Amino acid sequence: MRENYGTALITGGGSGIGRAAALALAQRGARVVVTDLRLESAIEVAREITTAGGEAIGIALDVGDAASILSAFDRTEAEFGNVDVLVNSAGLLLVEPLLSFSPESWERVMRVNVTGTFLASQRAAQGMAERGYGRIVNITSVSGLRAGVGRTAYGTSKAAIIGLTRQFALELGPLGVTANAIAPGAIETPMTLGTYSDETWENILAMVPAKRRGTPQDIAEAIVYIASPAASYVNGETLTVDGGYVAAGMTQTGRLRV
């Protein structure tokens, strides 16, 4: 089904959840701007969309660089017009023990995950507010809801994105712009596959009622709804898409097993 999504800009669109979101929005008729730190990846996804009959361009974007964000939006507006949907999917995961977590790693994760999300959302919101319409979709994580060993910066950054989402929802809601977050659980992406060991996956799945790993497509379908005109009364929400991980809480009690 094709809806009026307008122009959608995806950060981190060259792989994983961002790529799945770009493809799903293109299938619904959106003009898609695929941005990624790796230009070749962004161009490849854009080519995949255009080959299927959609409209897309690929742009290099480093969300840790304010000038790069402004440049990406300027080019988008020159080629596709104003941004109607922004999906902040770019993110960085660094895992280090709490007591030895370096200030450099902390600042790098915060710059990419939090400041990058803020600056991209702010730039998109300026045009959205002028037109009285827009959708901002931030990709947070269940790590922003539940602590995890080694995720000092990552978990804190994802919790900050939830707070940032609410702030945007409050101030932009009267202007016709919604801001929502999606918190993925254990999703198979290049980032998680490059970070998690087999033992990590086994431990995670023991706590997931769905008993499977999530896919980028699982998250993309949630993004499609939140980004749609139909979601006009959904604002400031954080939607967990995690197979029931957060809801399950304590999955094992004594000798009982689920």
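- In the annotation of an unreviewed UniProt entry, the entry for the protein reads Oxidoreductase, and the organism field reads Thauera propionica.
- The annotation that UniProt attaches to the protein under Sequence similarities (unreviewed entry) is "Belongs to the short-chain dehydrogenases/reductases (SDR) family."

### Description of the overall build of the protein
1) Next: Scanning the protein from N- to C-terminus turns up nine helices and seven strands.
2) Next: For 258 residues, the compact-globule estimate of 2.2 N^0.38 gives 18 Å, and the protein sits close to it at 18 Å.
3) Next: Considering only C-alpha atoms, the protein reaches an extent of 60 × 40 × 40 Å along its principal axes.
4) Next: Expressed as a percentage of the 258 residues in the protein, the buried residues total 51%.
5) Next: Counting contacts in the protein only where the partners sit at least 6 residues apart, residues at least 24 apart contribute 71% of the total.
6) Next: Accessible surface computed for the protein: about 12,100 Å², of which carbon and sulfur atoms make up 54%.
7) Next: For the protein, the centre of its 21 positive side-chain charges and the centre of its 25 negative side-chain charges are spaced 6 Å apart.

### Here we look at the environment of aspartate 62
1) Next: In this structure, aspartate 62 sits in the loop between β3 (55-60) and α3 (66-80).
2) Next: Assessed through its relative accessible area of 32%, aspartate 62 is described here as partly exposed.
3) Next: As a C-alpha pair, aspartate 62 and alanine 90 span 28 residues in sequence and 8.9 Å in three-dimensional space.
4) Next: Dropping the residues within four chain positions of it, aspartate 62 is found in contact with Leu37, Ser68 and Ile69.
5) Next: A distance of 2.9 Å separates the side chain of aspartate 62 from the backbone nitrogen of glycine 64, its partner in a polar contact.

### Overview of the UniProt feature "domain: Ketoreductase" (unreviewed entry) in the protein
1) Next: Per the UniProt annotation, the sites labelled "domain: Ketoreductase" (unreviewed entry) are residues 6-185.
2) Next: Annotated as 50% helix and 19% strand, the span residues 6-185 places its first and last C-alpha atoms 29 Å apart.

### Looking at the side chain of serine 89
1) Next: Within the fold, serine 89 resides in the loop between β4 (85-88) and α4 (103-131).
2) Next: The exposure class assigned to serine 89 is buried, which follows from its relative accessible area of 15%.
3) Next: In this structure the side chain of serine 89 is engaged in a polar contact, spanning 3.2 Å, whose partner is the backbone nitrogen of glycine 18.
4) Next: Those residues in contact with serine 89, other than ones at most four positions away along the chain, are Thr11, Gly12, Ile17, Gly18 and Ile139.

### Considering the packing of α3 against α4
1) Next: Closest axis-to-axis distance for the α3/α4 pair is 10 Å, and the angle between their directions is 30°. Comparing the axis directions of α3 and α4 gives the class roughly parallel. Two packed elements cross with a definite hand, and for α3 against α4 that hand is right-handed. Contact residues: α3 offers Ala66, Ile69, Leu70, Phe73, Asp74 and Glu77, while α4 offers Gly116, Leu119, Ala120, Arg123 and Ala124.

### A short note on the sheet that holds strand β1 (residues 7-11)
1) Next: One open sheet holds the seven strands; their spatial order is β3-β2-β1-β4-β5-β6-β7, and the pairing between them is parallel. Because the sheet does not close on itself, it has two edges, and the strands there are β3 and β7 (238-241). Along the sheet, successive strands turn relative to each other by an average axial angle of 15°, direction set aside.
2) Next: Sheet topology note: the β1/strand β2 (residues 31-36) ladder contains four bridges and is parallel. When the sheet's bridge partners are listed, leucine 9 is paired in β2 with valine 33.
3) Next: Each of β4, β5 (134-139), β6 (177-184) and β7 touches helix α8 (residues 216-226); the most contacted strand, β6, lies at about 165° to it.

Analysis parameters
- Residues numbered from 1 in each chain as written.
- Predicted model: local features only at pLDDT ≥ 70, side-chain atom pairs only at ≥ 80, totals over all residues.
- Heavy atoms only, no water.
- UniProt positions renumbered as here; feature names shortened; annotations may be inferred.
- Helix = DSSP H or I, 4+ residues; strand = E, 2+ residues; numbered from the N terminus.
- Rg over C-alpha atoms; globule rule 2.2 N^0.38 Å.
- Buried < 20%, exposed > 50% of the residue type's maximum accessible area, 1.4 Å probe, protein only.
- Contact = heavy atoms within 4.5 Å.
- Areas by Shrake-Rupley, 256 points an atom, 1.4 Å probe, with all protein chains shown as cover.
- Lys, Arg positive; Asp, Glu negative; His and termini not counted.
- Charge placed at Lys NZ, Arg CZ, Asp CG, Glu CD.
- Polar contact = N/O pair within 3.5 Å; in protein donor to acceptor, adjacent residues only side chain to side chain.
- Axes fitted to C-alpha atoms, helices over the stretch in contact; angles between N-to-C directions.
- Parallel < 35°, antiparallel > 145°, perpendicular 65-115°, else oblique.
- Left-handed = near helix turned anticlockwise from the far one by under 90°.
- Pairing = 2+ DSSP bridges.

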